[in-house]
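# Results of the structural survey
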Amino acid sequence: MATTSPVHSTGSPRRRSLRGRALFTGAVATVAAFAAVLVATPDANAASTLGAAAAQSGRYFGTAIAASRLGDGTYSSIAAREFNMITAENEMKPDATEPQRGQFNFSSGDQIYNWATQRGLKVRGHTLAWHAQQPSWWGGLSGSSLRQAMIDHINGVMAHYKGKLAAWDVVNEAFNEDGSRRGSNLQGTGNDWIEVAFRTARAADPSVKLCYNDYNIENWSYGKTQGVYNMIRDFKSRGVPIDCVGLQTHFTGGSSLPGNFQTTLQNFAALGVDVALTEVDVTNSSTSQYAGLTQACLNVPRCIGITVWGVRDSDSWRSSENPLLFDGGGNKKAAYTSVLNALNSAGPGPSSPAPSGSSGGPSPSTSVPTGNGNRLLGAQSGRCIDVPSASQNNGTRVQLYDCNGQTNQQWTLTSSRQLTVYGNRCLDAAGSGNGSAVQIYSCNGQANQQWNVNSNGTITGVQSGRCLDVWGTGNGQQVQIYDCNGQANQRFSLS
Ligand code: G3I
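Residues numbered from 1 in each chain as written. Predicted model: local features only at pLDDT ≥ 70, side-chain atom pairs only at ≥ 80, totals over all residues. Heavy atoms only, no water.

If you check an unreviewed UniProt entry, the protein appears there as Beta-xylanase from Actinoplanes cyaneus. Looking at the protein in UniProt, the text filed under Sequence similarities (unreviewed entry) is "Belongs to the glycosyl hydrolase 10 (cellulase F) family." In UniProt, the protein has this text filed under Catalytic activity (unreviewed entry): "Endohydrolysis of (1->4)-beta-D-xylosidic linkages in xylans." (UniProt positions renumbered as here; feature names shortened; annotations may be inferred.)

### Let's talk about the overall build of the protein
Along its length, the protein carries 13 helices and 22 strands. Across the 495 residues in the protein, those meeting the buried criterion constitute 56%. The long-range fraction of contacts in the protein, counting pairs at least 24 apart against all pairs at least 6 apart in sequence, stands at 71%. Per element, the accessible surface of the protein, about 18,200 Å² overall, is 48% carbon and sulfur. (Helix = DSSP H or I, 4+ residues; strand = E, 2+ residues; numbered from the N terminus. Buried < 20%, exposed > 50% of the residue type's maximum accessible area, 1.4 Å probe, protein only. Contact = heavy atoms within 4.5 Å. Areas by Shrake-Rupley, 256 points an atom, 1.4 Å probe, with all protein chains shown as cover.)

### Describing the state of the cysteines
For the structure on display, the rule yields five disulfides. Two residues, Cys297 and Cys303, share a disulfide whose sulfurs are 2.1 Å apart. Its S-S torsion of approximately -100° makes the covalent link between Cys297 and Cys303 left-handed. A single burial state applies to Cys297 and to Cys303, both of which are buried. Sequence-ordered numbering of the bonded cysteines in the protein gives a disulfide pattern of 1-2, 3-4, 5-6, 7-8, 9-10. (Disulfide = S-S within 2.5 Å.)

### Looking at the pattern of salt bridges
Applying the stated criterion across every chain, the model contains 17 salt bridges. In this structure, Asp315 engages Arg69 in a salt bridge whose closest nitrogen and oxygen atoms are separated by 3.2 Å. A residue pair is termed long-range when its members are at least 10 positions apart, and Asp315 in the loop between strand S9 (303-308) and helix H13 (334-345) and Arg69 in the loop between strand S1 (60-65) and helix H5 (73-82) qualify at 246 residues. Here the salt bridges share partners, and the residues they tie into one network are Arg69, Asp72, Arg312 and Asp315. (Salt bridge = Lys/Arg side-chain N within 4 Å of Asp/Glu carboxyl O.)

### Overview of the site of the ligand
Around the ligand, 16 residues are found, and the nearest of them are Glu89, Lys93, His126, Glu173 and Glu279. At 2.4 Å from an oxygen atom of the ligand is found a side-chain nitrogen or oxygen belonging to Glu89. Separating an oxygen atom of the ligand from a side-chain N or O atom of Gln133 is a distance of 3.2 Å. In the complex, the protein chains occlude 53% of the 780 Å² of accessible area that the ligand would expose alone. (Near = heavy atom within 4 Å. Polar contact = N/O pair within 3.5 Å; in protein donor to acceptor, adjacent residues only side chain to side chain.)

### With respect to the side chain of Gln490
Counting through the fold element by element, Gln490 comes out in the loop between strand S21 (479-482) and strand S22 (492-494). In terms of polar contacts, Gln490 uses its side chain to reach the backbone carbonyl oxygen of Asp483, at 3.0 Å. A distance of 2.8 Å separates a polar side-chain atom of Gln490 from the backbone nitrogen of Asn485. With sequence-adjacent residues up to four places away left out, Gln490 is seen in contact with Gly457, Thr458, Ile459, Cys467, Leu468, Asp469, Tyr482, Asp483, Cys484 and Asn485.

Have a look at this one:
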């Protein structure tokens, strides 16, 4: 089933008219506010791709990808060059992943996952429970049997991708424009279906970030925004597991950037969740709206990244509106430059200021004692770097786990900059690119086993120059190396 225009799909004509005026006013304000960004000349150090530019402030810049287009060389080369987060446009949705009950099919989803991760790009999962793109067999179910089918689906899909994804859109588009719940077949299973989906998801993969995702929740004074906000507030107050809210940011189909977008992002973030712009497209690629939505995210510390809903205009679900950053020929549009300039004008991530007293780049510490067995404690997670099951096998990937003082969490920084465990195994980078695994391996004196423990709290690989990095905070979250970004998920203390 095709999703209809956010603005035209629901709501009375009067509501649409009022909202349209508010959005137009906001867009005009935005033009003035971001004019400076549009004319700014990038300096010599400015990043030249969207992903690299976003990474300067610890954020990502992503795109939706269709598996069927990956064979198009122009498409795949732009996608790999410009973006560092990938969402499957349709391939991880329920109709694609469980076409028959209990028979899962991950071929297209894995095609995208493998394409992305082989290029060092992270992947967002989209989506587990939604009123649209359901398997046809859900149509014959209702009540407790549909509820169980949803639970089984979440468990089946999340087991396949366990530990592999940056986030999951657990529930998608569950609200009406007035802030009430959408009357879907899932809603018919009981009002608690959303929280059951999130609790199921947390149990299925404790390490992945769990998001609620929706459109038309960008304007703070809109009924739907308030409905979603109230649900997230309720979830946080009752301990229902939720980590993030995805604002789809479809400024197409008659919608446009509201002047209070940053307020909305701030208010959601203040509930204790990350926010992300997950499906951005803008009618005729308005440069002021693209710059404005980018700047709003940059201004909110917990806005962790932006994803556009496709690569070229010709790839868009709304191709007639030419809403993306590349034209049909794969050329960069003016909106691309407006986004890149905004990203390049941002300082280091406001969510992760450098520890007080530090300035400039990191320098190897001179105060960290060597020769002492100790913990590698994650600043963001409060958890320790741990060798799973106290394995001594070469190639065992290290993870985060609750600190327990046992030998599989005791690391020794040697005078030759190795981090050893069990006396004869070294912390070892399996590669030097973004996303390379960090594992244990017999100590061999090579540069991929040498680490600088820096005064700013990061630990960088001598061979790669990249930082020890972990995407999430939960037990079992795997450690990798990634471009240093100043965020707390890259700070570890040897303490
Ligand atoms: O693959 C079949 C093809 O074999 C068949 O010939 C053709 C006939 O119409 O349909 C093709 O499937 C289409 C599919 O996209 C792949 O192109 C479906 O009909 C079409 O409904 C589907 O549309 C997707 C839409 O979600 C469905 O709701 C769009 O690609 C996708 O961009 C869109 O994405 C959604 C997000 O998931 C949630 N937020 C809104 C967003 C835009 O609608």
